[in-house]
Amino acid sequence: MERIKFKVNGKQYSVGCEVDSDTTLLDYLRETLKLCGTKYMCLEGGCGACIITATKNNEDIPQAINSCLVSVTSCQDWDIKTVEFVGNRLKGYHPLQKVLAECHGSQCGYCTPGWIMAMYR
Ligand code: FES
């Protein structure tokens, strides 16, 4: 069986028969890669807490994608970015993150990483 290959935050990964086809990209990011900046709540595409950005099949324009709705086995040739790539306390925050924080653009903050990824290009 050929493996499904994709990048996450610039690193190459692949999955094969060790992963169930119903394993979501969200599950894979959080449970396998331990990238827990991508949050979740509704698990049905409604809240946006799980949004990541992906450039699919070498297209130029990245898309905001609800990672709870996508099987990780459907991510062939995707270039995926999560909020950890965009910015953090250690490497510094992206201007989107700074503006959102400085202008009080967040409520409890739980879904704020999803907002950032929806705006990030
Ligand atoms: Fe709510 Fe994915 S968890 S849209």
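Before going into details, it helps to say that this report is about the structure given with it. As the structure is a prediction and not an experimental result, all values here were calculated from the model.

**Concerning helix α4 (residues 112–119)**
- All of the buried residues in α4 are Thr-112, Pro-113, Gly-114, Ile-116 and Met-117.
- Turning to α4, the residues buried within the fold contact β3 (51–55), β4 (63–66), β5 (79–81), α2 (83–86) and α3 (95–102).

**A look at the nonpolar core**
- Formed by 18 residues in total, the largest nonpolar core has its most connected members in Phe-6, Leu-25, Trp-78 and Ile-80.
- Only β1 (4–8), α1 (25–32) and β3 provide two or more residues apiece to this core.
- Trp-78 has contacts with Lys-5, Phe-6, Lys-7, Leu-25, Ala-54, Thr-55, Lys-56, Ile-65 and Val-70, leaving out every residue within four places of it along the chain.
- Counting seven residues, the second largest nonpolar core, distinct from the first, contains Val-83, Leu-100, Ile-116 and Tyr-120.

**A word on a nonpolar patch on the surface**
- Taken together, the side chains of Tyr-40, Met-41, Leu-43 and Tyr-110 make up a nonpolar region of the molecular surface, amounting to roughly 410 Å² of accessible area.
- Along the chain, Met-41 turns up in the loop between α1 and β3.

**Overview of the packing of aromatic side chains**
- Inspection of every chain in the model, using the stated rule, returns one aromatic pair.
- For the ring pair Phe-6 and Tyr-28, a centre distance of 5.6 Å and an interplane angle of 80° mean the geometry is edge-to-face. Of this pair, Phe-6 sits in strand β1 while Tyr-28 sits in helix α1, and the two are 22 residues apart along the sequence. A single burial state applies to Phe-6 and to Tyr-28, both of which are buried.
- Positioned above the aromatic ring of Phe-85, the side-chain terminus of Lys-81 is 5.0 Å from the ring centre.
- When the ring centre of Phe-85 is taken as reference, the NZ or CZ atom of Lys-91 above it lies at 5.0 Å.

Rules behind the numbers
Residues numbered from 1 in each chain as written. Predicted model: local features only at pLDDT ≥ 70, side-chain atom pairs only at ≥ 80, totals over all residues. Heavy atoms only, no water. Buried < 20%, exposed > 50% of the residue type's maximum accessible area, 1.4 Å probe, protein only. Helix = DSSP H or I, 4+ residues; strand = E, 2+ residues; numbered from the N terminus. Contact = heavy atoms within 4.5 Å. Core = buried A, V, L, I, M, F, W, Y, C linked by side-chain atoms within 4.5 Å. Patch = residues over 30% accessible without salt bridge, like charges linked within 9 Å, V, L, I, M, F, W, Y side chains within 5 Å. Areas by Shrake-Rupley, 256 points an atom, 1.4 Å probe, with all protein chains shown as cover. Salt bridge = Lys/Arg side-chain N within 4 Å of Asp/Glu carboxyl O. Phe/Tyr/Trp six-rings, centres within 6.5 Å; stacked < 30°, edge-to-face > 60°. Lys NZ or Arg CZ within 6 Å of the ring centre and 35° of its normal.

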